[in-house]
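# A look at the structure
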Amino acid sequence: HTQACSDVCGYMYDAVFGAALALSASFDSASGTVDPALLNTNVRSLDFSGATGTVRLLNGDRVSDGQLTVVRNWQPDGRGSLRAVEVWTWASDPGLRRVSNSTVPVW
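What comes next is a walk through the structure. Predicted, not measured: the structure shown is a model, and the values here were computed from it.

Let us look at the overall build of the protein chain. Of the regular secondary structure elements, the protein chain holds two helices and eight strands. Per-residue burial over the protein chain gives 19% buried out of 107 residues. Put simply, of all contacts in the protein chain between residues at least 6 apart along the chain, 28% involve residues at least 24 apart. Of the roughly 7,500 Å² that the protein chain leaves accessible, carbon and sulfur atoms contribute 57%.

Next comes the structure, spelled out in structure tokens:
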């Protein structure tokens, strides 16, 4: 794709780093295995300083006051490339409220 990664790379980094933290905390060095139930608990309760700020999960959902969540859909641009089109935007202040009109995603 031709779009810069700057708006999503931090979130991808945080997702991979969070998975690594949860796996590490769930690893039993004596048996060389990962306890799936403990991994689930650790993923759902992550709390670390990441590329996008404090990453704190509560029951698997990111907790953040005033965080804006943007969902984009890759759509053809008519020139043989793809472009990211904003589909929905939500704000988490407090709870969850939609702040943009919907655009029909292309599947």
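This structure, assessed with the given rule, holds two aromatic pairs. With a centroid separation of 5.4 Å and an interplanar angle of 65°, the aromatic rings of phenylalanine 17 and phenylalanine 48 are classed as edge-to-face. Here the residue phenylalanine 17 occupies a position in helix H1 (residues 9–26), and phenylalanine 48 occupies one in strand S3 (residues 47–50), the gap between them amounting to 31 residues. A connected cluster of aromatic rings, assembled from ring pairs, spans Tyr13, Phe17 and Phe48.

We now examine the nonpolar core. Of all hydrophobic cores here, the largest spans five residues; its members are Ala22, Leu46, Phe48, Val55 and Leu57. For valine 55, the residues in contact, after removing those within four places along its chain, are Asp14, Leu46, Asp47, Phe48, Gly50 and Arg62.

We now examine the sheet that holds strand S5 (residues 61–62). Read from one edge of the open sheet, three strands run S3-S4-S5, paired in antiparallel fashion. Only two strands of the sheet have a single partner each, and these edge strands are S3 and S5. Strand direction decides the pairing type here: strand S4 (residues 53–58) and S5, joined by two bridges, are antiparallel. Among the inter-strand pairings, leucine 58 is bridged to a residue of S5, identified as aspartate 61. Taken strand by strand, H1 contacts S3, S4 and S5, and its axis lies near 140° from that of S3.

Bringing the pairing of S4 into the picture now. Here S3 runs beside S4; their pairing, made up of four bridges, is antiparallel. The partner of serine 49 across the bridge, within S4, is threonine 54. Counting the residues that bridge the hairpin from S3 to S4 gives two residues.

Thresholds applied
Residues numbered from 1 in each chain as written. Predicted model: local features only at pLDDT ≥ 70, side-chain atom pairs only at ≥ 80, totals over all residues. Heavy atoms only, no water. Helix = DSSP H or I, 4+ residues; strand = E, 2+ residues; numbered from the N terminus. Buried < 20%, exposed > 50% of the residue type's maximum accessible area, 1.4 Å probe, protein only. Contact = heavy atoms within 4.5 Å. Areas by Shrake-Rupley, 256 points an atom, 1.4 Å probe, with all protein chains shown as cover. Phe/Tyr/Trp six-rings, centres within 6.5 Å; stacked < 30°, edge-to-face > 60°. Core = buried A, V, L, I, M, F, W, Y, C linked by side-chain atoms within 4.5 Å. Pairing = 2+ DSSP bridges. Axes fitted to C-alpha atoms, helices over the stretch in contact; angles between N-to-C directions.

Purely geometric stuff here, so don't read any function into it on its own.
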